[in-house]
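Structure at a glance
The lines below spell out each chain.
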Amino acid sequence: MANAASGMAVEDECKLKFLELKAKRNYRFIIFRIDGQQVVVEKLGNPEENYDDFTNSLPPNECRYAVYDFDFTTAENCQKSKIFFIAWSPDSSRVRMKMVYASSKDRFKRELDGIQVELQATDPSEMSFDIIKSRAL
C-alpha cells in the first residue's frame with residue numbers, strides 16, 4: 001500500500017477515523033503526522049471542540065495533515081457542513097520535512113474519500129477562521 005514515489009503507507013486507522021468523522025461525526029477534527037514511512041493519527045478532536053482548539057493543536061514548527069469538519073449556516077439559513085483537508089507546512093519547519101509532506105499529500109488525500117475543500121497553509125493567517133468560512137460558502 002506504499003506509494004512508490006514517496007514510499008509512504010497510510011495506516012488503516014487514518015481511514016477508519018476519517019470515516020467516523022464523515023459518517024458519524026464522532027470528531028470535530030483529526031490531525032495526522034508522518035511517522036517513519038507511514039501516515040498515522042496524532043490527535044482526535046471531540047465534537048465540542050472549536051476551530052481555535054484545532055489550530056492550537058497544530059505544532060508551530062512541524063508539518064501536519066489535518067481534516068476539519070466545519071459547520072456553518074448559509075445565507076438562506078440552512079445548516080451545512082464541509083470537510084476541509086488542510087496541509088499545514090509552516091515556514092519554520094525543516095526543508096526535508098516539507099518535501100516529504102508535499103510529496104505524500106496527494107496520495108494520502110486520495111485515501112480520504114469525502115474531502116470537500118483543500119487548503120495549504122504555511123502560516124496561521126493562511127487558515128484563519130474567516131478564510132475557512134469564505135471557502136466553505
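To start, this report covers the structure provided alongside it. (Residues numbered from 1 in each chain as written. Predicted model: local features only at pLDDT ≥ 70, side-chain atom pairs only at ≥ 80, totals over all residues. Heavy atoms only, no water.)

On inspection of all chains with the given rule, the structure shows 12 salt bridges. Between Arg25 and Asp69 there is a salt bridge, and its shortest N-O distance comes to 2.9 Å. Placement of the pair is Arg25 in the loop between helix 1 (12-24) and strand 2 (29-35) and Asp69 in strand 4 (residues 64-73), with a sequence separation of 44 residues. Note on Arg25: relative accessible area 38%, which makes it partly exposed. On the accessibility criterion, Asp69 (2% relative accessible area) is buried. Linking Lys105 and Glu118 is a salt bridge whose minimum nitrogen-to-oxygen distance equals 2.7 Å. Placement of the pair is Lys105 in helix 3 (residues 95-111) and Glu118 in strand 6 (residues 117-121), with a sequence separation of 13 residues. Judged by its relative accessible area of 16%, Lys105 is buried. (Salt bridge = Lys/Arg side-chain N within 4 Å of Asp/Glu carboxyl O. Helix = DSSP H or I, 4+ residues; strand = E, 2+ residues; numbered from the N terminus. Buried < 20%, exposed > 50% of the residue type's maximum accessible area, 1.4 Å probe, protein only.)

For helix 3, built from 17 residues, the straight-helix expectation of 24 Å at 1.5 Å per residue is met to within 8% by its first-to-last C-alpha distance of 25 Å. Remark: the principal bend of helix 3, roughly 45°, maps to Lys105. For helix 3, the complete set of buried residues consists of Met97, Val100, Tyr101, Ser104, Lys105, Arg107 and Phe108. (Expected span 1.5 Å × (residues − 1). Bend = angle between axes of the 7 residues up to and from the residue.)

With that settled, consider the layout of surface pockets. Reported here for the largest pocket is a volume of approximately 210 Å³. Lining the largest pocket are 12 residues; nearest its centre among them are Met8, Ile34, Gly36, Arg96 and Val100. For the lining of the largest pocket, the element with the most residues is helix 3, which contributes six residues. Looking at the lining of the largest pocket residue by residue, the classes come out as six nonpolar, four polar and two charged. (1 Å grid on protein atoms, 1.4 Å probe; cavity = no way out; pocket = protein on both sides within 12 Å on 5 of 7 lines; lining within 4 Å. Points joined across faces, edges and corners; volume = space filled by probe spheres on them. Nonpolar A, V, L, I, M, F, W, Y, C, P; charged D, E, K, R; others polar.)

In this section: the state of the cysteines. The tally for this structure, following the rule as stated, stands at zero disulfides. Between Cys14, a free cysteine, and Cys63, which holds the nearest cysteine sulfur, the sulfur-to-sulfur gap is 16 Å. (Disulfide = S-S within 2.5 Å.)

A few words now on the environment of Ser128. Mapped onto the elements of the fold, Ser128 is located in the loop between strand 6 and helix 4 (129-136). Residues Ser128 and Asp52 lie 76 residues apart in sequence; the distance between their C-alpha atoms is 9.4 Å.

This part covers the packing of aromatic side chains. A full pass over the atoms with the stated rule returns 13 aromatic pairs. An angle of 85° between the planes, with centres 5.0 Å apart, marks the rings of Tyr51 and Tyr68 as edge-to-face. With Tyr51 in helix 2 (residues 51-56) and Tyr68 in strand 4, this pair connects stretches of sequence that are 17 residues apart. The exposure class assigned to Tyr51 is buried, which follows from its relative accessible area of 5%. A network of ring pairs unites the aromatic residues Phe29, Tyr51, Phe54, Tyr68, Phe70, Phe72, Phe84 and Phe129 as a single cluster. (Phe/Tyr/Trp six-rings, centres within 6.5 Å; stacked < 30°, edge-to-face > 60°.)

Judged by which residues are buried, strand 6 turns out to be one-sided: Val117, Leu119 and Ala121 face inward and are buried, whereas Glu118 and Gln120, on the alternate face, are not. Examined bridge by bridge, strand 5 (residues 79-88) and strand 6 share five bridges and lie parallel to one another. Note on strand 6: the bridge partner recorded for Phe85 is Glu118. The parallel pair strand 5 and strand 6 is bridged by helix 3, and the resulting crossover is right-handed. (Pairing = 2+ DSSP bridges. Right-handed = clockwise from strand over helix to strand, strands pointing away.)

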